[in-house]
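Below, each chain spelled out in residue letters.
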Amino acid sequence: GAGVSQSPRYKVAKRGQDVALRCDPISGHVSLFWYQQALGQGPEFLTYFQNEAQLDKSGLPSDRFFAERPEGSVSTLKIQRTQQEDSAVYLCASSVQGRGELFFGEGSRLTVL
Amino acid sequence: QQQVKQSPQSLIVQKGGIPIINCAYENTAFDYFPWYQQFPGKGPALLIAIRPDVSEKKEGRFTISFNKSAKQFSLHIMDSQPGDSATYFCAAGYNFNKFYFGSGTKLNVKP
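Presented here is a report on the structure given in the accompanying data block.

**A few points about the overall build of chain B**
- The helix and strand inventory of chain B stands at zero helices and 11 strands.
- The linear arrangement of helices and strands in chain B, starting from the amino end, is β-β-β-β-β-β-β-β-β-β-β.
- Relative to the 2.2 N^0.38 estimate, which gives 13 Å for 111 residues, the radius of gyration of chain B is 13 Å and therefore close to what a compact globule would have.
- With respect to the three principal axes, the spread of C-alpha positions in chain B is 40 × 30 × 20 Å.
- Looking at chain B as a whole, 45% of its 111 residues qualify as buried.
- Sequence-distant contacts, at least 24 apart, represent 52% of the contacts inside chain B between residues at least 6 apart.
- About 5400 Å² of surface is accessible on chain B, with carbon and sulfur atoms providing 49% of the total.
- With 12 positive and 7 negative side-chain charges, chain B shows a spacing of 7 Å between the two charge centroids.

**Focus: the side chain of B:Gln37**
Residues and elements named next belong to chain B.
- In this structure, Gln37 sits in strand E4 (residues 33-38).
- Here Gln37 falls in the buried class, since its relative accessible area comes to 14%.
- Engagement of the side chain of Gln37 in a polar contact is seen with the side chain of Tyr88, the distance being 3.0 Å.
- Sequence-distant contacts of Gln37, defined by excluding residues within four places in its chain, comprise Gly43, Pro44, Ala45, Leu47, Asp84, Ala86, Thr87 and Tyr88.

**A closer look at the pattern of salt bridges**
Residues and elements named next belong to chain B.
- This structure, assessed with the given rule, holds 10 salt bridges over all chains.
- For Asp84, the salt bridge goes to Arg61, with nearest N and O atoms at 2.8 Å. Of the two residues, Asp84 sits in the loop between strand E8 (72-77) and strand E9 (86-94) while Arg61 sits in the loop between strand E6 (56-59) and strand E7 (62-67), which places them 23 residues apart along the sequence.
- On the basis of relative accessible area, Arg61 is assigned to the partly exposed category, the value being 27%.

**Here's the deal with the state of the cysteines**
Residue and element names in this part refer to chain A.
- What the rule picks out here adds up to two disulfides over all chains.
- Residue pairing for Cys23: its cysteine sulfur links by disulfide to Cys92, the two sulfurs lying 1.9 Å apart. A torsion of -65° about the S-S bond marks the disulfide between Cys23 and Cys92 as left-handed. Of this pair, Cys23 sits in strand E3 (residues 19-24) while Cys92 sits in strand E9 (residues 88-95), and the two are 69 residues apart along the sequence.

**Examining the sheet that holds strand E1 (residues 4-7) of chain B**
All names here are of chain B.
- As summarised here, the arrangement of the five strands in space is E1-E3-E8-E7-E6, forming an open sheet in which the pairing is antiparallel. Pairing within the sheet leaves two strands with one partner each, and these edge strands are E1 and E6. Averaged over neighbouring strand pairs, the angle between their axes works out to 15° when direction is ignored.
- Pairing analysis gives four bridges linking E6 to E7, with the strands arranged antiparallel. Bridging across to E7, Glu56 finds its partner in Ser65.

**Quick word on the pairing of strand E6 (residues 53-56) of chain A**
Residue and element names in this part refer to chain A.
- Where strand E5 (residues 44-50) meets E6, three bridges bridge the pair, whose relative direction is antiparallel. Bridging across to E6, Gln50 finds its partner in Ala53.
- Two successive antiparallel strands, E5 and E6, enclose a turn made up of two residues, where Asn51 displays a positive phi of approximately 55°.

**Remarks on the sheet that holds strand E8 (residues 75-79) of chain A**
Residue and element names in this part refer to chain A.
- Strand order in the open sheet formed by four strands is E1-E3-E8-E7, and the pairing between neighbours is antiparallel. Two strands close off the open sheet at either side, each with one partner strand: strand E1 (5-7) and strand E7 (65-68). Averaged over all pairs of adjacent strands, the angle between strand axes in this sheet comes to 15°, irrespective of strand direction.

Rules behind the numbers
- Residues numbered from 1 in each chain as written.
- Chains lettered and ligands numbered in written order.
- Predicted model: local features only at pLDDT ≥ 70, side-chain atom pairs only at ≥ 80, totals over all residues.
- Heavy atoms only, no water.
- Helix = DSSP H or I, 4+ residues; strand = E, 2+ residues; numbered from the N terminus.
- Rg over C-alpha atoms; globule rule 2.2 N^0.38 Å.
- Buried < 20%, exposed > 50% of the residue type's maximum accessible area, 1.4 Å probe, protein only.
- Contact = heavy atoms within 4.5 Å.
- Areas by Shrake-Rupley, 256 points an atom, 1.4 Å probe, with all protein chains shown as cover.
- Lys, Arg positive; Asp, Glu negative; His and termini not counted.
- Charge placed at Lys NZ, Arg CZ, Asp CG, Glu CD.
- Polar contact = N/O pair within 3.5 Å; in protein donor to acceptor, adjacent residues only side chain to side chain.
- Salt bridge = Lys/Arg side-chain N within 4 Å of Asp/Glu carboxyl O.
- Disulfide = S-S within 2.5 Å.
- Pairing = 2+ DSSP bridges.
- Axes fitted to C-alpha atoms, helices over the stretch in contact; angles between N-to-C directions.

In structure tokens form, the structure reads like this:
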């Protein structure tokens with residue numbers, strides 16, 4: 001597709017369940033980012049990949065959060081043992097290396113009951 | 001610690017007005033300052049961006065003013081239209097590897 005694609009768009013999980021969120025970046029984009037956006041707030045950085053290398057994971061809030069991009073294209077953000085505070089929109093963005101413009105997907109809205 | 005502080009939280013203007021959104025930062029290592037526009041249910045989209053070596057940049061009806069000494073920058077929207085009603089985020093980053101976003105300004109342009 002032409003843009004960044006994220007799935008699922010909506011996910012409802014019971015507290016304690018594991019979830020996996022998928023991101024398909026724009027073809028050829030080397031850089032991939034995950035952001036967390038709480039309701040009414042700005043996106044908060046979670047992690048950054050350059051190709052398959054995870055260069056920065058300083059924003060991951062706990063060891064329950066894990067991200068991977070094994071072949072340098074599709075990325076998955078996994079949240080284990082979900083908690084209510086994990087409820088948010090998870091945004092994926094990709095960019096051309098060395099360029100500042102981030103292309104965001106529409107996000108995956110996670111609701112933890 | 002919030003890296004980028006944004007104000008106001010919300011803004012209402014009449015069509016044709018010039019809304020101004022302000023942001024401040026602390027980290028002098030930041031070298032790229034973009035503004036993003038977000039509509040409900042969509043991801044943010046880049047509107048305009050500036051590097052710290054210039055004090056102003058214009059693209060169409062959108063202008064960024066940048067004050068390096070004060071560590072502040074602002075977005076002006078000229079001749080605002082109802083279609084500009086959205087949430088606007090400023091951001092700051094370095095090396096294009098990590099961006100910190102402001103908390104957002106919800107703009108409502110009344111017809």
